[in-house]
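The primary structure of each chain is shown beneath.
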Amino acid sequence: MIAIIAAVSSNGVYGSTNGLPWSFKRDMEFFRAQTSGSTIIMGRSTWDSLERNTPLPNRQNIVVTTTNPDVPEGVMKTSTVRQAIELAERDKVFLIGGKNIWLEGIRELADTLFVTEILSEFIEEQGFVFQGLTRPGHFTNRTFSKHTIGDEVTEDVDRLTGKMHRLHFARYDLFQI
């Protein structure tokens, strides 16, 4: 399985200059539950946003980059998403960001998208908006069907602001004929 996993606000915000513009416990639990024991593939900016550039535990970490960032032992680097997939040592592969990694996945590679839809608007920063995560059909001729995971809508407190937000966990599967 090759999947995309992401969180996105209702106005398409998925990140900020310093990482995520929110911190939801349930979103992190969802991410952990889905990706634990898998291979995760990320772009260099996503790698740089990880706390202390530490690999995520219990996962094979691969960084796609055209530069040569320092990465700790055990983290692999490659220059393309396809090469990263070939290097994957586990059956489940997740593309965890950023935008260019997700876009390539939607257009050609992913058969599943796991999306935390945050039913609130967040401040848009240049380059950190992408509507394709909740409307994948707009970016490809491939068709995805949407399914709800768990409760229809759940609430969670943003640990950065203390504000309550509504979240929806969705799975989009590639429609197979």
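Residues numbered from 1 in each chain as written. Predicted model: local features only at pLDDT ≥ 70, side-chain atom pairs only at ≥ 80, totals over all residues. Heavy atoms only, no water.

> Help me understand the packing of aromatic side chains, please; the structure alone is not making it clear to me.
The relative placement of two aromatic rings is captured by the distance of their centres and the angle of their planes. Per the counting criterion, the structure on display carries six aromatic pairs. A ring pair is formed by Trp22 and Phe122, whose centres lie 4.8 Å apart and whose planes are at 70 degrees; its orientation type is edge-to-face. A residue pair is termed long-range when its members are at least 10 positions apart, and Trp22 in the loop between strand S1 (2-9) and helix H1 (25-35) and Phe122 in the loop between strand S6 (112-118) and strand S7 (144-148) qualify at 100 residues. Across this residue pair, the class does not change: Trp22 and Phe122 are buried. (Phe/Tyr/Trp six-rings, centres within 6.5 Å; stacked < 30°, edge-to-face > 60°. Helix = DSSP H or I, 4+ residues; strand = E, 2+ residues; numbered from the N terminus. Buried < 20%, exposed > 50% of the residue type's maximum accessible area, 1.4 Å probe, protein only.)

> Can you walk me through the pattern of salt bridges in this structure?
If charged atoms from side chains of opposite charge come close, those side chains can pair. Following the criterion strictly, the structure yields four salt bridges and no others. Linking Asp48 and Arg44 is a salt bridge whose minimum nitrogen-to-oxygen distance equals 2.3 Å. Within this pair, Asp48 and its partner Arg44 are both found in helix H2 (residues 44-49), separated by four residues, close to a single helical turn. Glu117 is the partner of Lys146 in a salt bridge, and the nearest nitrogen-oxygen pair spans 3.3 Å. Taken as a pair, Lys146 in strand S7 and Glu117 in strand S6 lie far apart in primary sequence, 29 residues in all. Residue classification places Glu117 among the buried positions, given a relative accessible area of 8%. (Salt bridge = Lys/Arg side-chain N within 4 Å of Asp/Glu carboxyl O.)

> I keep staring at H1 and nothing clicks. Help me out?
For the α-helix, the turn length of 3.6 residues means that residues three or four positions removed from each other point alike. Listed as buried for H1 are Asp27, Phe30, Phe31, Gln34 and Thr35. All buried residues of H1 lie within an arc of 110 degrees about the axis, which places them on one face of the element. Elements that come into contact with the buried residues of H1 comprise S1, strand S2 (39-43), strand S5 (93-97), S6, strand S8 (154-157) and strand S9 (164-174). A positive phi of about 80 degrees marks Gly37, the residue just after H1. (Arc of directions from axis to C-beta. Contact = heavy atoms within 4.5 Å.)

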